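Residue-level structure breakdown
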Amino acid sequence: MRTFLSVMEIRREDDDELLGYLVPVGADWQPTTVFHAPLADPTSEEEAEDILRREGLTALSDPWWVEEAGEWREVRLQEAEPYRIRVRWADPTIEQPAHGHWVDLREQRVRR
């Protein structure tokens, strides 16, 4: 576990793979993905870490939703970096590039 400006990195012990972050919210901690999207509501540090260890990497294969022009659209993640994700729209009728497109999470909202 590494701390940076009160945000804690949580890594898998056997290979040091980044699972996500614990972000302080008042007296609680919120588990977030490697791209800083919330995985659950804020809770105790121990429970938040348990959620992150259980769901941190598997959440990357889950369906996600991106707010686009005021409308929530289902996406599939192709790549994740801090504060941005490359996605493809789940709806096959939406025209999109084969390689997907980047979503900057500082400009658009995302949820699971």
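Up top is the structure.
In this report, we go over the structure that sits alongside the text. (Residues numbered from 1 in each chain as written. Predicted model: local features only at pLDDT ≥ 70, side-chain atom pairs only at ≥ 80, totals over all residues. Heavy atoms only, no water.)

1. A few points about the packing of aromatic side chains
Here the structure, examined in full by the defined rule, presents 1 aromatic pair. Aromatic pair Phe35 and Trp64: ring centres 5.2 Å apart, planes at 70°, arrangement edge-to-face. Taken together, the residues span a long stretch of sequence, with Phe35 in the loop between β4 (28–32) and α1 (45–55) and Trp64 in strand β5 (residues 64–68) at a distance of 29 residues. Judged by its relative accessible area of 0%, Trp64 is buried. Here the basic side chain of Arg73 rests over the ring of Trp89, its NZ or CZ set 5.4 Å away from the ring centre. (Phe/Tyr/Trp six-rings, centres within 6.5 Å; stacked < 30°, edge-to-face > 60°. Helix = DSSP H or I, 4+ residues; strand = E, 2+ residues; numbered from the N terminus. Buried < 20%, exposed > 50% of the residue type's maximum accessible area, 1.4 Å probe, protein only. Lys NZ or Arg CZ within 6 Å of the ring centre and 35° of its normal.)

2. What about a negative patch on the surface?
Among the surface-exposed residues, Glu45, Glu46, Glu47 and Asp50 lie close enough to one another that they form a single negatively charged patch. Looking at the element boundaries, Asp50 is found in helix α1. When its relative accessible area of 34% is taken as the criterion, Asp50 is described as partly exposed. (Patch = residues over 30% accessible without salt bridge, like charges linked within 9 Å, V, L, I, M, F, W, Y side chains within 5 Å. Areas by Shrake-Rupley, 256 points an atom, 1.4 Å probe, with all protein chains shown as cover. Salt bridge = Lys/Arg side-chain N within 4 Å of Asp/Glu carboxyl O. Lys, Arg positive; Asp, Glu negative; His and termini not counted. Charge placed at Lys NZ, Arg CZ, Asp CG, Glu CD.)

3. Digging into the side chain of Arg86
With respect to the secondary-structure elements, Arg86 resides in strand β7 (residues 84–89). Within the local environment of Arg86, its side chain forms a polar contact with the side chain of Glu79, the two groups lying 2.5 Å apart. Not counting residues within four places of it along the chain, the set of residues in contact with Arg86 comprises Arg76, Leu77, Gln78, Glu79, His99, Gly100, His101 and Trp102. (Polar contact = N/O pair within 3.5 Å; in protein donor to acceptor, adjacent residues only side chain to side chain. Contact = heavy atoms within 4.5 Å.)

4. So, the pattern of salt bridges
Per the counting criterion, the structure on display carries 12 salt bridges. Here Arg112 and Asp62 are joined by a salt bridge, their closest N and O atoms 3.2 Å apart. Note that Arg112 is positioned in the segment after β9 (110–111) and Asp62 in the loop between α1 and β5, a separation of 50 residues in sequence. Residue Arg112 is classed as partly exposed on the basis of its relative accessible area of 37%. Assessed through its relative accessible area of 26%, Asp62 is described here as partly exposed. The closest approach of N and O atoms between Arg86 and Glu79, which form a salt bridge, is 2.5 Å. Overlapping salt bridges, with partners in common, bring together Arg12, Asp14 and Asp15 in one network.

5. With respect to α1
Of all the positions in α1, only Ala48, Glu49, Ile51 and Leu52 are classed as buried. Axial view of α1: buried residues confined to an arc of 160°, hence all on one face. Exposed positions of α1 whose direction lies more than 90 degrees from the buried face are Glu46 and Arg54. Its buried side turned inward, α1 meets β2 (7–11), β3 (18–25) and β4. (Arc of directions from axis to C-beta.)

6. Concerning the pairing of β5
Bridge count between β5 and strand β6 (residues 71–81): 5 bridges; the pairing is antiparallel. Within β6, the residue paired with Val66 across the bridge is Arg73. Linking β5 back to β6 in an antiparallel pair, the connection comprises 2 residues, with Ala69 at a positive phi of about 55°. Sheet topology note: the β5/β9 ladder contains 2 bridges and is antiparallel. (Pairing = 2+ DSSP bridges.)

Any functional reading would require information that these geometric values do not contain.
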